[in-house]
Every structure is written in C-alpha cells, then in structure tokens.
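One-letter residues, chain by chain:
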There are 2 protein chains.
Amino acid sequence: MGKLAIIGLGLIGTSMGLAIRRTSPDLELSGFDRIQESGEYARQIGAVDILGLSAADAVKDAGTVVVATPIINMRKVFEEIGPALKRGCLVTDTASTKVDVLRWADELLPQGVTFVGGHPMAGKEQTGPGSAEAGLFEGRPYVVVPSTRSHPAAVDAVFSLAQEIGSEPFFLDAAEHDAYAAGISHTPLVASIALFNIARNSNAWPELARMSGPAFRDLTRLASGSTEMAHDILLTNRENVLHWIERYTEELRRIGDLIEKNEAADLYRLLAEAQIERENFLINPPKREEVVKDVDTSMSLVDLMVGSRWKERSDEMTKALEERVRARSREERLRRRE
Amino acid sequence: MGKLAIIGLGLIGTSMGLAIRRTSPDLELSGFDRIQESGEYARQIGAVDILGLSAADAVKDAGTVVVATPIINMRKVFEEIGPALKRGCLVTDTASTKVDVLRWADELLPQGVTFVGGHPMAGKEQTGPGSAEAGLFEGRPYVVVPSTRSHPAAVDAVFSLAQEIGSEPFFLDAAEHDAYAAGISHTPLVASIALFNIARNSNAWPELARMSGPAFRDLTRLASGSTEMAHDILLTNRENVLHWIERYTEELRRIGDLIEKNEAADLYRLLAEAQIERENFLINPPKREEVVKDVDTSMSLVDLMVGSRWKERSDEMTKALEERVRARSREERLRRRE
C-alpha cells in the first residue's frame with residue numbers, strides 16, 4: 001500500500017484528497033495544514049487518513065507529495081520537507097504560477113527526489129476545506145509542468161494523477177504557463193477586482209448597487225476569491241501580469257477612442273467581431289486531447305473532453321449559430337442592419 | 001378592453017408581451033417589428049395578438065405603447081408613430097440609456113401624448129424573440145424615468161406595469177440613470193469585450209483557449225450580447241461611459257503599480273478589502289423598496305424583493321461570513337496570516 005501526502009488542506013488540497021480517495025481507496029493519505037482546524041476538518045470528511053504533526057512529519061515514507069499551500073508559502077514548505085522526503089519520492093504542487101515554484105523546488109529539494117509542477121485550473125470563490133468537493137477537477141484543464149530534471153516516469157505519474165481526478169492534463173513549460181495564465185486567468189482576476197472597486201468606491205455606490213444585476217455580479221465575482229491566492233499569483237507572475245494589464249488598458253483605450261470620436265461603423269464592426277469570435281469559441285471548445293497523444297493511457301480522453309454542461313451549451317449555441325448563419329453572412333453581421 | 005402596442009419584438013419586446021399576457025389576458029396586444037420574421041414569431045408564440053403593417057399602424061387606438069427597438073432606431077419610431085397616436089396615449093420605452101431617448105420623445109411626440117421612460121434591467125446574451133421568456137423581468141430592477149412633462153398618472157401606470165411583469169421598479173431622472181448605468185452596466189460591457197479581445201487577438205490564442213475555464217467564460221460573456229444594443233448604448237451614453245472607462249483604467253493602473261513595486265502589504269490590503277466589500281454586497285443585497293414607499297400599491301414589494309436564488313445565495317454567504325467572522329476580525333483579514 002502506497003502513501004501520498006498532501007501539504008496544505010484548503011479548497012484544492014482537500015478536494016484532491018477526496019478525489020484521490022474515490023479512485024484509489026487503498027492509498028494511505030496523510031496531510032498537514034498550518035491551520036489546525038483546516039487539517040482536522042479535512043481528516044473528519046475523509047480527505048486524508050492521518051495528520052502529520054508538521055509538514056515534514058506528514059511526508060515521511062510518502063511515495064508522492066502534493067504541495068497545495070498558498071504559493072508564497074511553498075518555498076518554506078520545500079525547505080521544511082526536504083530532509084524528510086523518502087529517496088525516489090515524487091513531489092508535485094498545485095500553484096497557479098510556475099516559474100518561481102520550479103526554481104524553489106530546484107534549489108531546495110534534495111537530490112534523489114523528483115519534482116514535476118502541476119496546475120489544476122479549478123477553483124471557486126468559496127475557499128477553505130469546507131468548500132472542497134471530490135468533483136472539483138472534473139473536466140478542468142490541468143497543466144503539467146516538467147522541469148529539465150523531472151524523471152519521465154514522474155511526469156507520467158502526475159499526468160495520470162490529473163486524469164484520475166477527472167481533469168484534462170496537458171503539458172507546458174513553466175515560462176509558457178505563466179505567460180498564458182496571466183492572459184487567461186490572472187488579468188481577468190485583476191479586471192474583476194478593479195471593476196468591483198470603481199463601483200464600490202464611488203459616492204454613488206448605493207444607487208449603483210440598487211441598479212446592479214447579473215452582469216455586474218458575474219463580472220466581479222473573482223473579487224470574492226481567496227485574497228492570499230490572488231496576492232501570491234500577482235506577485236509571483238509580476239512581469240506577465242503587468243504586460244497583460246498594459247494590453248488590456250490599451251484595448252480599453254482603443255474602444256474608448258471609437259466611442260469618443262463617434263466612429264459608429266468601426267465600433268459596430270469591433271463589437272460584431274467580438275460577438276462572432278466568442279460564439280466560435282463557445283461552439284468549438286478548446287481541444288486539449290491533441291497534445292496528449294504521446295502519453296500512454298488506457299482512458300479515452302475524448303470521453304472526458306466535453307463535460308455534459310459544456311456539451312449542452314455547445315449544442316444550444318450550435319443551433320443558435322446555424323439559425324443566424326442561415327439568416328445573415330458574416331460580412332452582413334459586421335454592419336448594422338438598416 | 002384596452003389595447004397595448006409593442007414596437008420592436010426582439011428579446012425585450014417579446015418577453016414583455018409574454019409577461020403582460022400572463023397577468024392581463026384581456027388586454028389586446030398589437031405589435032410590429034421591422035424584421036418580418038421576428039414579428040411573425042412573436043405572434044405565433046402569443047406575445048402579441050396582431051401585427052401592424054407598420055409601427056404607425058400597430059399603435060392605432062392603443063392606450064399604451066411600449067417602444068422596445070434598438071435605441072438609435074427609437075428616434076425614427078417616434079417620428080413615425082407620432083401622428084398615429086391616440087390622444088391621451090401613454091408612450092414608454094425600454095432603452096438602456098435615457099437622456100437621448102427622453103429628448104427625442106420631447107421633440108418628436110405630439111402634444112396630448114405623455115411619455116415616461118423605462119429601463120427594465122434584464123437581458124441575456126441570446127437575443128431575438130426566440131430567446132424571449134415571460135419570466136425575464138422577475139426580480140430585476142426596472143428604472144422608471146419620468147420627464148418634467150410626464151403626467152403623474154402615466155408615471156404610476158409605468159410603475160405598475162413594471163410590477164405586473166415581476167420586476168422591481170424605482171425612480172431616477174434621466175441624467176442620473178445614464179451616469180449610474182454607465183458605471184454598473186455599460187463599463188462592465190466594455191470591460192468584458194476588451195478582455196475577450198486581448199485574448200482572442202493574441203498569437204497565443206490556441207493555448208489561451210485551451211487553458212480557459214469558467215472565470216474567462218463568465219467574465220467575457222457580455223461580448224456575446226447583442227451587437228446593436230452594445231453599439232447604441234455606447235454611442236448614446238458616450239460621456240458617462242468615457243468617464244467610467246477612465247476610472248477603470250486608473251484603478252487597473254493603481255493595482256498594476258502595487259504589483260510593479262512589489263508592495264505586498266498594500267496589495268494584500270486592497271485585495272482583502274475588495275473581498276470583504278463584495279461579501280457585504282452579496283450578504284446585504286441592494287434594497288430597492290425604500291424608494292418606492294410613496295407609490296400607492298397593494299403588492300408587497302418586500303415579497304418580490306429577494307428572488308429565491310438570491311435568497312439561497314445570501315443565506316449561504318451569511319453562513320460563510322459568520323464562520324469567517326468568528327475566526328478572524330476585519331483588521332486581521334486585511335493582513336496576510338503568518
């Protein structure tokens with residue numbers, strides 16, 4: 001019977017314990033969280049079998065260690081667990097940024113231990129082990145980030161772990177990961193918080209709140225996520241995030257210019273193009289299976305690929321699109337109908 | 001038996017027909033849409049009883065006229081229907097911006113006709129009469145915007161109509177409406193489109209799309225809304241939207257500065273404050289009933305106030321907050337836990 005240790009029993013660590021428990025009931029799961037109640041809670045709901053007295057205590061004899069603490073704490077965790085790790089042990093993490101984490105692992109983990117980075121792109125506003133669920137990772141992307149030193153078997157093991165918990169793994173290197181995550185995840189986070197703040201900090205907030213509807217709620221929801229996570233992401237991916245914030249403000253300025261100059265036809269075209277392209281994005285959801293064909297796996301990724309809600313949505317949108325396409329060509333859609 | 005005319009049978013006009021039909025089955029509903037198939041569809045699903053040959057034809061003998069066309073088309077509709085309107089007729093609209101519409105109504109509608117602006121703050125990405133539903137307005141804000149010339153009885157009638165279709169009406173003047181709507185609705189629209197565009201127009205789009213999750217989808221969903229509506233909103237509320245885009249880019253720059261300068265404590269505080277304030281916003285949803293106490297109505301607005309999904313969410317969040325408050329005070333939450 002193998003042993004797997006989870007360090008950090010918040011939303012992600014606890015959900016991972018629940019998910020692994022479901023598919024690998026024979027694996028012994030040990031855990032540790034610096035907040036004692038979090039650890040206790042995770043143990044009570046069965047996300048781990050036993051709690052270590054410390055991170056180092058929890059990883060003893062473990063064949064696999066998943067570090068799921070806030071990003072900035074990982075450095076210290078690597079230092080602490082290093083001496084206690086079993087030779088040949090596989091260490092992986094769940095951080096939303098990867099360059100710093102891989103560097104820390106390289107510097108601080110001992111020889112004879114192999115590290116493979118991981119980023120399960122799943123989460124929700126509610127944080128902590130109380131919000132954990134075994135199905136959190138289902139159908140979600142899981143970026144596997146090998147380092148130059150990662151043992152191929154360890155890379156395969158993390159890939160399989162990601163599949164086991166229902167997510168859709170694919171490979172990126174750390175720099176690519178951080179650049180793309182800044183665009184698709186970290187800048188949306190900043191955009192959401194900034195949008196909430198300008199409304200909340202306005203003198204007209206009572207009136208604004210009264211007029212608010214689902215659009216404002218949806219667009220600002222990332223402001224309700226974990227503060228620690230947001231903080232750590234933004235400070236461990238600074239250059240990429242700043243680059244994308246710059247692009248974002250430029251695009252806002254470009255749209256603002258069209259509004260200011262009353263460029264009706266150009267503004268219409270910009271809005272119509274965004275609408276058409278987002279429709280295409282929803283109709284043709286991203287294909288993740290293409291990049292994994294070299295990996296030996298008995299599971300059908302195609303089956304996993306499209307979650308049922310995505311499927312429904314996609315069918316619905318396809319139908320809507322077909323109707324629209326019948327009615328009007330793309331060129332017609334780029335101009336206002338008279 | 002009275003007659004009500006709906007000019008413009010898209011998502012809003014058709015939904016309004018369905019909603020009015022449900023509570024006032026005896027009212028005769030006539031309609032018109034410049035797109036013949038839209039009108040036909042609305043009539044087939046029972047949103048209107050009869051279709052006029054033109055807007056002017058549809059409003060003949062109507063006691064109430066609801067103009068639900070794209071905003072910029074309203075000017076022409078007012079010109080066209082003006083001569084055909086019954087003396088004493090009430091005209092209202094559903095536009096997302098109000099200053100221009102009230103000015104057009106003032107200039108173009110004849111004496112003896114009273115105009116009261118209206119803005120049902122309901123909608124979805126799917127547009128057109130095929131997406132209409134009788135329940136679209138339930139629990140949603142409905143801003144009633146009287147002009148200086150609006151007859152008090154007409155103002156009450158629009159207020160009652162808004163209640164009848166299940167929405168939560170309150171009063172604002174046109175300038176206030178447009179200023180607030182720019183902050184809570186139109187700038188989020190621009191923010192959502194810009195966020196989609198920077199990802200979509202990036203060379204890394206295939207990788208970005210592959211990594212995208214619910215956050216990106218939710219935050220960019222307004223890019224899928226009606227192009228005409230977005231276009232007309234932005235060009236009829238230019239100054240307010242430009243003002244709020246400016247505030248938004250300033251806030252993005254403020255956050256960017258904290259990231260650039262690595263101001264960890266200040267960044268943490270900004271993120272924690274946003275989280276706490278958004279939590280408060282969800283726990284204490286905006287109270288719309290306070291402003292309507294002067295209006296004579298037999299309906300309990302308090303009953304209407306909180307839709308059941310809001311209620312559930314609010315209960316859930318209250319519980320989550322209570323737990324957190326027990327654990328940590330606000331001051332503690334503004335600093336990172338060691």
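Everything numeric here is computed off the predicted structure, so don't read it as measured data.

**Structural notes on helix α7 (residues 174-200) of chain A**
Residue and element names in this part refer to chain A. In a regular helix each residue adds 1.5 Å, so 27 residues correspond to 39 Å; α7 covers 36 Å between its end C-alpha atoms and thus fits that length. Of all bends in α7, the biggest is about 55°, found at A182. Counting buried positions along α7 gives 22 out of 27 residues, so the element sits mostly inside the fold. Here α7 starts with a cap whose side-chain oxygen sits 3.0 Å from the backbone nitrogen of A175, and that cap is D173.

**Focus on the relation of the copies chain A and chain B**
Laying chain A over chain B is done by rotating through 180° and shifting 0.0 Å along the axis; what remains is an RMSD of 0.0 Å. Both copies are brought into coincidence by an operation consistent with a two-fold rotation axis. By C-alpha distance to the rotation axis, the residue of chain A lying nearest is A:L219, at 2.5 Å.

**Some thoughts on the interface of chain A and chain B**
Every contact between the two is made by 104 residues of chain A and, on the other side, 103 residues of chain B. In total, chain A and chain B occlude about 9,600 Å² of area from one another, counting both sides; carbon and sulfur atoms represent 66% of this. At the junction of chain A and chain B, the tally comes to 4 salt bridges. As a salt-bridge pair, A:D218 and B:R221 come within 2.8 Å of each other at their nearest N and O atoms.

**With respect to the nonpolar core**
The biggest cluster of nonpolar side chains holds 144 residues, and the ones touching the most others in it are A:V65 and B:V65. Discounting residues that sit within four places of it in the chain, B:V65 has contacts with B:A5, B:I7, B:V59, B:I81, B:L85, B:C89, B:L90, B:V91 and B:T92.

**Focus on unusual backbone geometry**
All names here are of chain B. Here D61, not a glycine, exhibits a phi torsion of approximately 70°, which is positive. Residue position: D61 is located in the loop between α3 (55-59) and β4 (64-67). Of note, the phi angle at N262 is positive, near 60°, even though the residue is not glycine. Of note, N262 is situated in the loop between α11 (238-260) and α12 (264-283).

**Observations concerning the packing of α7(A) against α12(B)**
The geometry of α7(A) relative to α12(B) is characterised by a closest axis approach of 10 Å and an angle of 65° between their N-to-C directions. Here α7(A) lies roughly perpendicular to α12(B), going by the angle between them. In this structure, the crossing between α7(A) and α12(B) has a hand that is left-handed. Two secondary-structure elements touch here, α7(A) through A:I193, A:F196, A:N197 and A:R200 and α12(B) through B:L270, B:L271, B:A274, B:E277, B:R278 and B:F281. Its residues assigned to classes, the contact of α7(A) with α12(B) shows 6 nonpolar, 1 polar and 3 charged.

**Concerning the pattern of salt bridges**
Residues and elements named next belong to chain A. Within the structure shown, the criterion is met by 33 salt bridges over all chains. Here D100 and R103 are joined by a salt bridge, their closest N and O atoms 3.2 Å apart. Taken as a pair, D100 and R103 lie in helix α5 (residues 99-108) at a separation of 3 residues, close to a single helical turn. For R103, a relative accessible area of 40% puts it in the partly exposed group. Linking D106 and R149 is a salt bridge whose minimum nitrogen-to-oxygen distance equals 2.7 Å. Here D106, found in helix α5, pairs with R149, found in the loop between β7 (141-146) and α6 (152-164); they are 43 residues apart in sequence, far enough to count as distant. The class for D106 is partly exposed, based on a relative accessible area of 44%. One connected set of salt bridges, linked through shared partners, spans R75, D100, R103 and E107.

**As for the sheet that holds strand β2 (residues 28-32) of chain A**
Residues and elements named next belong to chain A. Read from one edge of the open sheet, 8 strands run β3-β2-β1-β4-β5-β6-β7-β8, paired in mixed fashion. The open sheet terminates on both sides in strands that have one partner only, identified here as β3 (50-51) and β8 (168-171). The sheet contact formed by strand β4 (residues 64-67) and strand β5 (residues 90-93) spans 4 bridges and is parallel. When the bridges of β5 are listed, V65 appears paired with V91. Against the sheet, helix α4 (residues 71-81) engages β1 (3-7), β4, β5 and β6 (114-120), with an angle of about 155° to β4.

**Some words on the packing of aromatic side chains**
With the rule as written, the count across this model stands at 17 aromatic pairs over all chains. Taken together, a centroid distance of 5.1 Å and an interplanar angle of 35° make the contact between B:F159 and B:F171 tilted. In this pair, B:F159 is assigned in helix α6 (residues 152-164) and B:F171 in strand β8 (residues 168-171), connecting sequence segments 12 residues apart. Assessed through its relative accessible area of 0%, B:F159 is described here as buried. Taking NZ or CZ as reference, A:R210 lies 5.0 Å from the ring centre of B:F170, over its face. A cation over a ring is seen here: A:R247 above A:W244, with NZ or CZ 4.3 Å from the ring centre.

**A closer look at the pairing of β4(A)**
All names here are of chain A. Inspection of the sheet shows β1 paired to β4 by 4 bridges, in the parallel sense. The partner of I6 across the bridge, within β4, is V66. At this point the chain moves from β4, through α4, to the parallel β5, and the crossover so formed is right-handed.

**A word on the layout of surface pockets**
All names here are of chain A. Here the second largest pocket is characterised by a volume of approximately 270 Å³. Lining the second largest pocket are 16 residues; nearest its centre among them are D106, F115, S147, R149 and S150. Looking at the lining of the second largest pocket, the elements that each hand over two or more residues are α5 and β6. The dominant element in the lining of the second largest pocket, judged by the number of residues it contributes, is α5, at 4 residues. Tallied by class, residues from the lining of the second largest pocket come to 6 nonpolar, 7 polar and 3 charged.

**Focus on the side chain of B:T236**
Residue and element names in this part refer to chain B. Topologically, T236 is positioned in helix α10 (residues 227-236). Within polar-contact distance, the side chain of T236 engages the backbone oxygen of D232 at 2.7 Å. With sequence-adjacent residues up to four places away left out, T236 is seen in contact with I71, I72, T97, D100, W104 and D178.

**Some words on the sheet that holds strand β1 (residues 3-7) of chain B**
Residues and elements named next belong to chain B. Read from one edge of the open sheet, 8 strands run β3-β2-β1-β4-β5-β6-β7-β8, paired in mixed fashion. Looking at which strands have only one partner, the edges of the open sheet turn out to be β3 (50-51) and β8. Bridge count for strand β7 (residues 141-146) against β8 is 4 bridges, and the pairing is parallel. Looking at β8, one finds that V143 is bridged to F170. α6 contacts β4, β5 (90-93), β6 (114-120), β7 and β8 of the sheet and is inclined by roughly 150° relative to β8.

**Considering the environment of A:D232**
Structurally, A:D232 is set in helix α10 (residues 227-236). Taking the C-alpha atoms as reference points, A:D232 and A:R335, separated by 103 residues in sequence, lie 44 Å from one another. If sequence neighbours within four positions are ignored, A:D232 has contacts with A:P70, A:I71, A:I72 and B:R336. A polar atom in the side chain of A:D232 sits 3.3 Å from the backbone nitrogen of A:I71.

The rules behind the values
Residues numbered from 1 in each chain as written. Chains lettered and ligands numbered in written order. Predicted model: local features only at pLDDT ≥ 70, side-chain atom pairs only at ≥ 80, totals over all residues. Heavy atoms only, no water. Helix = DSSP H or I, 4+ residues; strand = E, 2+ residues; numbered from the N terminus. Expected span 1.5 Å × (residues − 1). Bend = angle between axes of the 7 residues up to and from the residue. Buried < 20%, exposed > 50% of the residue type's maximum accessible area, 1.4 Å probe, protein only. Polar contact = N/O pair within 3.5 Å; in protein donor to acceptor, adjacent residues only side chain to side chain. Least-squares fit on C-alpha atoms with pLDDT ≥ 70 in both. Contact = heavy atoms within 4.5 Å. Buried area = accessible area lost by both parts, 1.4 Å probe. Salt bridge = Lys/Arg side-chain N within 4 Å of Asp/Glu carboxyl O. Core = buried A, V, L, I, M, F, W, Y, C linked by side-chain atoms within 4.5 Å. Axes fitted to C-alpha atoms, helices over the stretch in contact; angles between N-to-C directions. Parallel < 35°, antiparallel > 145°, perpendicular 65-115°, else oblique. Left-handed = near helix turned anticlockwise from the far one by under 90°. Nonpolar A, V, L, I, M, F, W, Y, C, P; charged D, E, K, R; others polar. Pairing = 2+ DSSP bridges. Phe/Tyr/Trp six-rings, centres within 6.5 Å; stacked < 30°, edge-to-face > 60°. Lys NZ or Arg CZ within 6 Å of the ring centre and 35° of its normal. Right-handed = clockwise from strand over helix to strand, strands pointing away. 1 Å grid on protein atoms, 1.4 Å probe; cavity = no way out; pocket = protein on both sides within 12 Å on 5 of 7 lines; lining within 4 Å. Points joined across faces, edges and corners; volume = space filled by probe spheres on them.

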